[in-house]
Amino acid sequence: MAVLLDTDTAIALIRDRPASVRHHYRNAHASGYEVWLSSISLFELWYGVNRSRHADENTERLADFLSGPITIADFNELDAARAGQVRAELAAAGTPIGPYDLLIAGQASRAGHTLVSANTREFKRVKELDVENWLTA
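Everything in this summary refers to the structure shown in the same document. (Residues numbered from 1 in each chain as written. Predicted model: local features only at pLDDT ≥ 70, side-chain atom pairs only at ≥ 80, totals over all residues. Heavy atoms only, no water.)

With that out of the way, let us pick up a nonpolar patch on the surface. Residues F43, Y47 and Y100 make up a contiguous nonpolar surface patch of roughly 320 Å² in combined accessible area. Inspection of the secondary structure puts F43 in helix α3 (residues 39-51). (Patch = residues over 30% accessible without salt bridge, like charges linked within 9 Å, V, L, I, M, F, W, Y side chains within 5 Å. Areas by Shrake-Rupley, 256 points an atom, 1.4 Å probe, with all protein chains shown as cover. Salt bridge = Lys/Arg side-chain N within 4 Å of Asp/Glu carboxyl O. Helix = DSSP H or I, 4+ residues; strand = E, 2+ residues; numbered from the N terminus.)

Before going further, it helps to examine the pairing of strand β2 (residues 34-38). Pairing geometry for strand β1 (residues 2-5) and β2, over 4 bridges, is parallel. Bridge pairing in β2 links A2 to E34. Where β2 and strand β3 (residues 71-73) come together, 3 bridges link them in parallel fashion. Across the sheet, S38 pairs through a bridge with A73, a residue of β3. (Pairing = 2+ DSSP bridges.)

Attention now goes to the sheet that holds strand β4 (residues 114-116). Read across the sheet, 5 strands follow the order β3-β2-β1-β4-β5 without closing on themselves; strand pairing throughout is parallel. Of all strands in the sheet, those with a lone pairing partner are β3 and β5 (131-132), marking the two edges. Sheet contacts for α3: β1, β2 and β3; angle to β2, the most-contacted strand, approximately 60°. (Contact = heavy atoms within 4.5 Å. Axes fitted to C-alpha atoms, helices over the stretch in contact; angles between N-to-C directions.)

What follows covers the pattern of salt bridges. Going through the model one piece at a time under the given rule, you end up with 2 salt bridges. In this structure, D16 engages R22 in a salt bridge whose closest nitrogen and oxygen atoms are separated by 3.1 Å. With a closest N to O distance of 2.7 Å, D79 and R110 form a salt bridge. Here R110 lies in helix α6 (residues 99-111) and D79 lies in helix α5 (residues 77-93), a separation of 31 residues in the sequence.

As a further point, take the environment of E34. Mapped onto the fold, E34 is located in strand β2. For the pair E34 and G48, spaced 14 residues apart in sequence, the C-alpha to C-alpha distance is 25 Å. Setting aside its immediate chain neighbours within four residues, E34 contacts M1, A2 and V3.

Here the bond from R17 into P18 is cis, since omega is 5°, no more than 30 degrees from zero. Of note, P18 is situated in the loop between α1 (7-15) and α2 (19-30). Of note in the backbone geometry, D16 takes a positive phi value of approximately 60° without being a glycine. Residue placement: D16 occurs in the loop between α1 and α2. If you check the backbone angles, E128 has positive phi at about 60° while not being a glycine. Following the sequence through the fold, E128 ends up in the loop between α7 (120-123) and β5.

Right under this line is the structure:
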């Protein structure tokens, strides 16, 4: 089994709050889950670092996070095809989601990973996508 962390969950882990996120993260590893981070989320994290007033400190924090047991999932051709399908389905239903969330959802869905995000309201619109929220108790 594998989970793909959304950007909000990665930020919560980097900040180490709320405590529930670290608890779920440790349990996932202890249960043998693979923990992935999308290259799309990595882009969003680097964007945040570079807009930060504390870019040097946040660069170190991000590097520490990335040195842990996390694998980067490069966005590939199959992910693009699935994301295009998801976008068409959501557009037809009149329930679109944000562009980066769409790419992350397509990637998680295509790989069969559970997406870990606090943004469950938006991601629950995507068929064939399991979503968990580690930011709640």
